[in-house]
Structures are given as structure tokens and as C-alpha cells.
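For reference, the chains in residue letters:
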Amino acid sequence: MTSVLVYGAYGHTGRFVVAELRRRGFDPVLSGRDAAKLPGGRPASVGDPASLDRALEGVAAVINCAGPFAGTARPVAEAAIRAGVPYVDVAAEIEANLDTLELSADTAVVPAMAFFGGLADLLATAAMDDWTAADEVHVAYGLSGWRPTAGTLAAGRVSRERREGKRIRYAGGRLEYRDDALPKREWAFPEPLGPRPVFGEFSMADIVTIPRHLKVRDVVSYMTVDAAQDLAVAGERDAAETFVVDVVVRAGDDERRIVARGEDIYAVSAPLAVEAVDRILTGRTKAKGVATAGEMFDAAGFLRALAPHITVEQR
Ligand SMILES: NC(=O)c1ccc[n+]([C@@H]2O[C@H](COP(=O)([O-])OP(=O)(O)OC[C@H]3O[C@@H](n4cnc5c(N)ncnc54)[C@H](OP(=O)(O)O)[C@@H]3O)[C@@H](O)[C@H]2O)c1
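Everything quoted here is computed from the prediction, not taken from an experiment. Per chain, residue numbering runs from 1 following the sequence as it is written. Given that this is a predicted model, residues contribute local features only at a pLDDT of at least 70 and side-chain atom pairs are listed and counted only at 80 or more, while totals for whole chains, interfaces and linings are drawn from all residues. Think of the side-chain values as coming from all heavy atoms in the structure, minus any hydrogens and water.

## Quick word on the pattern of salt bridges
Here is step 1: Should a side-chain nitrogen of Lys or Arg be within 4 Å of a carboxyl oxygen of Asp or Glu, the pair is scored as a salt bridge. What the rule picks out here adds up to 31 salt bridges.
Here is step 2: Linking Asp278 and Arg24 is a salt bridge whose minimum nitrogen-to-oxygen distance equals 2.7 Å. In this pair, Asp278 is assigned in helix α9 (residues 269-281) and Arg24 in the loop between α1 (12-23) and β2 (27-32), connecting sequence segments 254 residues apart.
Here is step 3: Its salt-bridge partner being Asp246, residue Arg257 comes within 2.5 Å of it at the nearest N-O pair. Of this pair, Arg257 sits in strand β14 (residues 254-263) while Asp246 is found in strand β13 (residues 242-251), placing the two residues eleven residues apart along the sequence. Put simply, DSSP H or I for four residues or longer makes a helix, DSSP E for two residues or longer makes a strand, and each gets a number counted from the N terminus.

## Regarding the UniProt feature "domain: Saccharopine dehydrogenase NADP binding" (unreviewed entry) in the chain
Here is step 1: UniProt positions are given in the numbering used here, feature names are shortened, and annotations may be inferred rather than shown by experiment. Feature annotation in UniProt assigns "domain: Saccharopine dehydrogenase NADP binding" (unreviewed entry) to the following positions: residues 4-92.
Here is step 2: As annotated, residues 4-92 comprises 34% helix and 21% strand, and the C-alpha atoms at either end are separated by 21 Å.

## A short note on the domain arrangement of the chain
Here is step 1: All the domain ranges listed were derived from an automatic or database domain assignment. Split by domain assignment, the chain resolves into domain 1 (3-115 + 267-314) and domain 2 (116-263).
Here is step 2: One C-alpha centre belongs to domain 1, the other to domain 2; they are set 22 Å apart.
Here is step 3: Note on contacts: a residue pair is in contact if any heavy atoms of the two residues lie within 4.5 Å. Across the contact, 38 residues belong to domain 1 and 41 residues belong to domain 2.
Here is step 4: A 1.4 Å probe defines the accessible area here, and the buried area is the portion of it lost by two parts on being joined, summed over both. Around 3,100 Å² of area is buried between domain 1 and domain 2 when both sides are counted, 65% of it from carbon and sulfur atoms.
Here is step 5: Summed over the three residues of domain 1 that lose the most area to domain 2, namely Ile94, Glu95 and Phe115, the buried surface amounts to 25% of that side.
Here is step 6: A salt bridge links Arg261 to Glu313, with the nearest nitrogen and oxygen atoms 3.0 Å apart.
Here is step 7: Elements represented by at least two residues in the side of domain 1 that touches domain 2 include exactly α4 (94-101), α10 (293-296), α11 (299-305) and β15 (310-314).
Here is step 8: Residue polarity is assigned by list, with Asp, Glu, Lys and Arg as charged and Ala, Val, Leu, Ile, Met, Phe, Trp, Tyr, Cys and Pro as nonpolar; anything else, Gly included, falls into the polar class. Each residue belonging to the side of domain 1 that touches domain 2 can be placed in one class, and the counts come to 24 nonpolar, eight polar and six charged.

## Observations concerning the site of the ligand
Here is step 1: Proximity is defined per residue: any heavy atom of the residue falling within 4 Å of a molecule or strand makes that residue near it. In the vicinity of the ligand, 25 residues are found, and the nearest of them are Tyr10, His12, Arg33, Phe116 and Thr149.
Here is step 2: Two N or O atoms form a polar contact when they lie within 3.5 Å of each other; inside protein one atom must be a possible hydrogen donor and the other a possible acceptor, and for residues adjacent in sequence the pair counts only when both atoms belong to side chains. In this structure, an oxygen atom belonging to the ligand sits 3.4 Å away from a main-chain N or O atom of Gly67.
Here is step 3: Between the ligand and the protein, one listed contact pairs an oxygen atom with a backbone N or O atom of Phe116 at 2.7 Å.
Here is step 4: When isolated, the ligand has an accessible area of 920 Å², and the protein chains bury 86% of it.
Here is step 5: Here the element with the most residues in the shell around the ligand is helix α6 (residues 150-162); it accounts for four residues.
Here is step 6: A per-class count over the shell around the ligand returns 14 nonpolar, nine polar and two charged.
Here is step 7: Two domains each provide a minimum of three residues to the shell around the ligand, namely domain 1 (3-115 + 267-314) and domain 2 (116-263). Each accessible area value is a Shrake-Rupley result obtained with a 1.4 Å probe; residue values ignore everything except the protein chains displayed when judging cover.

## Brief notes about α4
Since one α-helical turn is 3.6 residues long, residues separated by three or four positions face the same way.
Here is step 1: Burial analysis of α4 places seven of its eight residues in the buried class, the great majority of the element.
Here is step 2: Throughout this description, buried means an accessible area under 20% of the type-specific maximum (1.4 Å probe, protein chains only), exposed means over 50%, and partly exposed covers the range between. When we look at burial in α4, the residues that qualify are Ile94, Glu95, Ala96, Asn97, Asp99, Thr100 and Leu101.
Here is step 3: Packing partners of the buried residues in α4 comprise α3 (73-83), β5 (87-89), β6 (109-110), α6, β8 (167-171) and α7 (206-213).

## Things to note about the pairing of strand β12 (residues 215-224)
Here is step 1: Taken across its ten residues, β12 has eight buried, putting it largely inside the fold.
Here is step 2: Strands were regarded as paired on the criterion that DSSP finds at least two bridges between them. The sheet contact formed by strand β7 (residues 133-143) and β12 spans eight bridges and is parallel. Counted as the bridge partner of Ala134 is Val216 from β12.
Here is step 3: Two strands pair when backbone bridges link them, and strand β11 (residues 195-200) and β12 are joined in this way by three bridges, in the antiparallel orientation. Each residue of the ladder has a partner; that of Gly200, found in β12, is Tyr222.

## Considerations on the packing of aromatic side chains
Here is step 1: The aromatic pairing rule takes the rings of Phe, Tyr and Trp, using the six-membered ring of Trp, and pairs them if the centres are within 6.5 Å, calling planes under 30 degrees apart stacked, those over 60 edge-to-face and the rest tilted. Across all of its chains, the model carries seven aromatic pairs by this definition.
Here is step 2: Summarising the aromatic geometry, the rings of Phe115 and Phe116 are spaced 4.8 Å apart at their centres and angled 80 degrees between planes, so their arrangement reads as edge-to-face. No difference in accessibility class separates Phe115 from Phe116, as the two residues are buried.
Here is step 3: With a centroid separation of 4.8 Å and 35 degrees between ring planes, the pair formed by Trp187 and Tyr222 is classed as tilted. One end of the pair, Trp187, is in strand β10 (residues 184-188); the other, Tyr222, is in strand β12, and 35 residues separate them in sequence. Tyr222 shares its class with Trp187; the two are buried.
Here is step 4: Cluster of aromatic residues (ring-pair linked, three or more members): Phe115, Phe116, Tyr141, Trp146 and Phe243.

## What about unusual backbone geometry?
Here is step 1: In this structure, the amide linkage connecting Gly67 to the following residue, Pro68, adopts the cis form with an omega of 15 degrees.
Here is step 2: Here Pro68 is to be found in the loop between β4 (61-64) and α3.
Here is step 3: The peptide bond linking Ala307 to Pro308 adopts the cis configuration, its omega dihedral lying at 5 degrees.
Here is step 4: Here the phi dihedral of Asp264 falls at roughly 70 degrees; this positive angle occurs in a residue that is not glycine.
Here is step 5: The topology assignment puts Asp264 in the loop between β14 and α9.

What follows is the structure in C-alpha cells.
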């Protein structure tokens, strides 16, 4: 059996990843910083590179689910690079993803291989298909709600600190920091959701993953206002959301649209990350070294492989 190290294995998302690896016939090797939560696993600390090297011994790949990633992405990715094995993470933090994309590696390194970051990158890449450039990519998240985990809330705090409380957007071909309020508008989601109020420029990791390899002027994410407001309410994650991710790419007067649907943004991150590892380990990649999902994989084929967890419709 192929062993895959899961760092942050006992977190909410890590547990989904471990279960998905088992379901697909991999041998998950559980790791993280707290030995007490890892009976039979391989405890390792990001402050102790030798412990990470020991944890990685004999494994074929690593999936990092330990966030905030500001502190974990680089040390775990660098350990994977030292061991010569592929690295995949589920980081949604824009700054941490930028850090990872600066690494150089001979082995595959894929950050943001999850619901935020990876999925919209695959959708935009599939929608653009034979286009070589687009003016705009719009990624609208229609979430029925959002009960965040402690890890998500902590990651949001760290990201905000790293950008000194400013917000960020991708416009005119570059990342831009801003102090003004998010624009509010309505987005016409496909039925049954229909038109919903959304925050515009609600920037997710997509503003890093998509322009990394697609020639686009603007990448704009939108989030249903209800879900964005849920984020501000601390509490347990006691319910899973349903989601519609509506991606529109525009070049001049031409427009293409692709829609993904499913439920539980944390649970579906597991099939995304594990499918990535499977494709890397079986040579089904189109890039080498450090790359985002759409850059690394055949986007349309990858999206088809996500059914029934995520269903995709080109419109
Ligand atoms: N891109 C996406 O769509 C997506 C999807 C799912 C999750 N995520 C991200 O993944 C991260 C984890 O989310 P979650 O839902 O699994 O949260 P969680 O249940 O709170 O788990 C967080 C995990 O990270 C570990 N961790 C945190 N800081 C660490 C450090 N410095 N060293 C080692 N381990 C550390 C925690 O270990 P301890 O218990 O020992 O602190 C725990 O295992 C978050 O940043 C979240 O935003 C992103």
C-alpha cells in the first residue's frame, strides 16, 4: 500500500483526508504536533525539521492539513522537498499560498488543493479551455451558511494580521491592498439558489491560484452575504453547508460559465487533495515542481473524477 503522511491528521479537515485516503486504498500515516492525539502516529513539530524528516521516512507523499499555514506550509513543504516526495496542502491563506508558490522544487508542490483555491482554479481552467487569455474571472460562492472551524477562524486572523487589516483583491493584473469596504451586489446564481446578495471582492485563495498560470486581468470572488456574516459568529461547526460555485470567464463579448455543486466545504476538500496526490503519484500531471491545481492537472478530467462529491456542469 502507498503511504501518505497527513500532517494535522487529527484536525477537522485532516480527519476527512485520512478517511478519504483509506477509502481509496492508500495507507495514511498520521502526523501532527500533539503526540497525545496521535496514538501510533508520528508526532513532529514545524520548529524541529529533524522530526519532520523522521515523520516523512518511507512515505510517498504528504498532505498538510495543519492551519494556520503561515507557520506550517513552508517547514512541511521544505521537509517534503528534502525527502523528494510530493507536497499538497489545503491552505486557504492567500499569504501562505504566495510563500509556497515561491519555493523551488523538483518534486510536485501544490498549495490550496481544496475547496477554496484549488476548485475554482480547476473550474476557471476548464471553462477557459482553448482561450489563451481572459479579461475577467468571476468566482461566486453560493453557500447556504458557513459554520467555520477553529482552524479557519485562526487562519483568517493570521491572514488579516499579515496584511495589516487591509483587504486584498486581484485587479488590473496584480494584487492590490485596499482600505475601503467590500462592494455589495446581487449575483444571479443558477436555480434553485437564484439571485442572492453577495459581497464582491471577497478575496479567496483563487486570486492567487488562477492568475498564477492563466492570463487574466481581473479575478473577483463573491460570497453570499449570509455566509460571510456567519463567519463573524463564533461557535461550533454544528452543520454542513450546501454550495454552488458559479464561475464565469469573460474575454471581450464572449462568456463561458461552469458551475460546481455539493455539500460540506471541509469534507469535499478531502477528495480534492487525495485526487491530486493520486494523479501526481501516477504521473498524470502537466507541470513539474511548484504549481497550482489548474496548472498541474488536466482540469476537465480532474473535475469529472470528483463526482459524486462535487458535480460540475458547463453552461
Ligand atoms: N482551502 C480550503 O478550502 C480549506 C478547506 C478546509 C480547511 N482549510 C484550512 O485548513 C486548516 C485546518 O482547518 P480545520 O478545519 O482542520 O481546523 P481544525 O479542526 O481547527 O484543525 C487545525 C489543525 O491544525 C493543527 N495545527 C495548527 N497550527 C499548527 C502548528 N503550528 N503546528 C502543527 N499543527 C498545527 C491543529 O493541531 P493542534 O490541535 O495541536 O493545535 C489541528 O490539527 C485551516 O487553516 C483552514 O482554513 C482550508
